[in-house]
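# Descriptive structure summary
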Amino acid sequence: LQEPLRMVASYVQLLGRRYQGKLDEDADAFIGFAADGAKRMQRMITDLLDYSRVQTKGDPFGPVPVGEALDLALGNLDLTIRETGCEIETERGSLPTVYGDKGQLGRLLQNLIGNAIKYRDDGRKPHIHIQAKRQDGHWIFTVADNGIGIEPQHFERSFRVVQRLHGHGRFEGSGIGLAICKQSIERHGGEIWGDSTPGKGTRFHFTLPSQESENEGK
């Protein structure tokens, strides 16, 4: 899928460079639509490939300090965080060591934090609060933001593959990020869900077995 799409994108870009402004306004618009469509399709194919690899291409499980996985996520999002002035509040003392795939847990946190920044409310500085608490042999993690929120009836749909809650013109993305989060959490034996107050913010919660529980089960 990537090879023929790469060819299409390459020729559309060539058309744009060679004929931009030389035809009429409609032609310029059509070339722009085609280039944008090819770009979005490339993003979707890449994200679908990541989704398909969650269960089969992950690293072996081992002890993972969640604080280190969070540092990976924040490092990858550093430019976006600085550009938006996003405040990250983390209860570092509450973040445990769990048994899992450090890379996948880092990408999970990156997706959730990245989503919180993407769907920020332009009327206030984005603020994200991350914490964890232990309950009944597992850890419950919460990533809470003060963004635009999600209507409650849309939460279940948001975890499905290629499901977008907003049109392409307003927010970028393929609609696969939360589905990848769900796959990653299920691989770790946990669950993920959310709750929200539209206009005030969203909270995503996910569970992971405690390292002690994993050791007891071996």
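Here goes a summary of the coordinates provided. (Residues numbered from 1 in each chain as written. Predicted model: local features only at pLDDT ≥ 70, side-chain atom pairs only at ≥ 80, totals over all residues. Heavy atoms only, no water.)

### Notes on the side chain of Ser196
Turning to its location among the elements, Ser196 is positioned in strand 6 (residues 192–197). Under the relative-accessibility criterion, Ser196 is labelled buried at 13%. At a separation of 2.8 Å, a polar atom in the side chain of Ser196 contacts the main-chain carbonyl oxygen of Gly201. (Helix = DSSP H or I, 4+ residues; strand = E, 2+ residues; numbered from the N terminus. Buried < 20%, exposed > 50% of the residue type's maximum accessible area, 1.4 Å probe, protein only. Polar contact = N/O pair within 3.5 Å; in protein donor to acceptor, adjacent residues only side chain to side chain.)

### Some points on the nonpolar core
If you look at the biggest cluster of nonpolar residues, it comprises 32 residues, and the most contacted ones within it are Val98, Leu109, Leu112, Ile113, Ile128, Phe141 and Phe206. Elements supplying a minimum of two residues to this core: helix 3 (66–76), helix 5 (102–118), strand 4 (127–135), strand 5 (138–145), helix 7 (177–187) and strand 7 (201–209). The element that contributes the greatest number of residues to this core is helix 5, accounting for seven residues. (Core = buried A, V, L, I, M, F, W, Y, C linked by side-chain atoms within 4.5 Å.)

### Quick look at the packing of aromatic side chains
Under the criterion given, the structure shown has two aromatic pairs. Here Phe141 and Phe206 contribute two aromatic rings whose centre-to-centre distance is 4.9 Å and whose plane-to-plane angle is 10°, an arrangement assigned as stacked. Highlighted residues: Phe141 in strand 5 and Phe206 in strand 7, separated in sequence by 65 residues. No difference in accessibility class separates Phe141 from Phe206, as the two residues are buried. (Phe/Tyr/Trp six-rings, centres within 6.5 Å; stacked < 30°, edge-to-face > 60°.)

In short, geometric facts, not functional conclusions.
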